[in-house]
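Examination of the molecular architecture
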Number of protein chains: 2
Amino acid sequence: MNDMLKKLGLRATPQRLAILKLLQGNTAHPSAEEIYNKLKPDFPSLSLTTVYNTLESLAEGGMIQEIRIDCSRRRFDPNPQPHYHFLCNKCRRVFDLDINLINFDIPKQVGDFWVEGCFVNFYGYCMDCK
Amino acid sequence: MNDMLKKLGLRATPQRLAILKLLQGNTAHPSAEEIYNKLKPDFPSLSLTTVYNTLESLAEGGMIQEIRIDCSRRRFDPNPQPHYHFLCNKCRRVFDLDINLINFDIPKQVGDFWVEGCFVNFYGYCMDCK
DNA sequence: ATTAGTGCAAACACTTTGCACGGGT
DNA sequence: ACCCGTGCAAAGTGTTTGCACTAAT
């Protein structure tokens, strides 16, 4: 993890390492505040600002991705690969979806628009809420 | 428009009619605040609360749809049909996309999840910003 | 020594809530 | 007379900013 940060030109501070460690393999797509609350007990000096800064830097460096599925909060995913997400209408949790949408080619240009990418977000009810 | 409101069990107030009229054929996907600002000069007593209430009711009744593409603000579209949207990374405007994604079937169930629907949102740069 | 990074408090933008008043039905 | 709808002010939520201090290189 130390090397990852170095690669992005970021200093390896304890805060960043803690955030990275918590994110590692995490499939809960936590928000900044959730990360902060999880880390705060063991890291009393941590500030929300730092969590935001770190997530911003990591996302910018492509090490994590920001999920734009639940508009009420920014969510982050340690898996930088493009994949699909599912938002539960009831409990508001976000899950990874293990599907392939065949024949779904993203056009590079549509009319006058220069397309950089797209989000495909599913919603409904999760196993616990349906 | 009077009838539309009646059909939803909503009283035809001047505020609602003004909002409906402004929305009519509008492809700018305005936010509540944008609608409020447009209407305020000709309708000084209008309140933001009423704009929110009205948009909420109309969306609930299926007369308009809420667009979840720009997480920094709620946006509304008078076209209740499902269609694709494009968000410009620079000017933050939202456009309708006139494309059909063939062979894109939404699965009703994925793993343990009960899928109600999905959003497909494109982003990039618009004609003015690219 | 330099400068990136941190943490606090305050500011922010958008949205929601509580509530008294007013106007259709 | 009822009660839906309005508009104000205040509260709420998640995020961002300014800035002095701290610590990594």
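In the block above lies the structure referred to throughout.
Presented here is an overview of the structure given in this document. Quick caveat: nothing in here was measured; it's all calculated off a predicted structure.

1. Regarding the packing of helix α2 (residues 14–23) of chain B against helix α4 (residues 48–60) of chain B
Residues and elements named next belong to chain B. It is the contact of α2 with α4, at a shortest axis distance of 10 Å, that shows an interaxial angle of 70°. Our classification of the angle between α2 and α4 gives roughly perpendicular. α4 is crossed by α2, and the crossing has right-handed handedness. Every residue of α4 that contacts α2 at Q15, R16, I19, L20 and L23 is listed here: T50, V51, T54, L55 and L58.

2. Some words on the protein's contact with DNA strand C
Looking at DNA strand C, there are 19 residues lining it, with T13 and R16 of chain A together with Y52, R73 and R74 of chain B nearest. For DNA strand C, the backbone portion of the atoms within 4 Å of the protein, that is sugar and phosphate, comes to 75%. With respect to DNA strand C, the backbone of S47 of chain A contributes an N or O atom lying 3.2 Å from a phosphate oxygen. Here a base oxygen of DNA strand C sits 3.5 Å away from a polar atom, N or O, in the side chain of T49 of chain B. At the level of secondary structure, the elements contributing two or more residues to the surface near DNA strand C comprise α2 (14–23) and α4 (48–60) of chain A together with α4 of chain B. Residue composition of the surface near DNA strand C, by class: 4 nonpolar, 9 polar and 6 charged.

3. Some thoughts on the relation of the copies chain B and chain A
Both copies of the chain are related by one operation, a rotation about an axis with a shift along it. Rotating chain B by 179° about the axis while translating it 0.1 Å along that axis superimposes it on chain A, leaving an RMSD of 0.2 Å. The superposition operator between the copies reduces to a two-fold rotation axis.

4. As for the nonpolar core
Core analysis: the biggest nonpolar cluster contains 30 residues, and F86 and F122 of chain A together with F86 and F122 of chain B have the highest contact counts within it. Listed in part, the 19 residues of the second largest apolar core include A18, L23, I35 and L39 of chain B.

Procedures and definitions
Residues numbered from 1 in each chain as written. Chains lettered and ligands numbered in written order. Predicted model: local features only at pLDDT ≥ 70, side-chain atom pairs only at ≥ 80, totals over all residues. Heavy atoms only, no water. Axes fitted to C-alpha atoms, helices over the stretch in contact; angles between N-to-C directions. Helix = DSSP H or I, 4+ residues; strand = E, 2+ residues; numbered from the N terminus. Parallel < 35°, antiparallel > 145°, perpendicular 65-115°, else oblique. Left-handed = near helix turned anticlockwise from the far one by under 90°. Contact = heavy atoms within 4.5 Å. Near = heavy atom within 4 Å. Polar contact = N/O pair within 3.5 Å; in protein donor to acceptor, adjacent residues only side chain to side chain. Nonpolar A, V, L, I, M, F, W, Y, C, P; charged D, E, K, R; others polar. Least-squares fit on C-alpha atoms with pLDDT ≥ 70 in both. Core = buried A, V, L, I, M, F, W, Y, C linked by side-chain atoms within 4.5 Å. Buried < 20%, exposed > 50% of the residue type's maximum accessible area, 1.4 Å probe, protein only.

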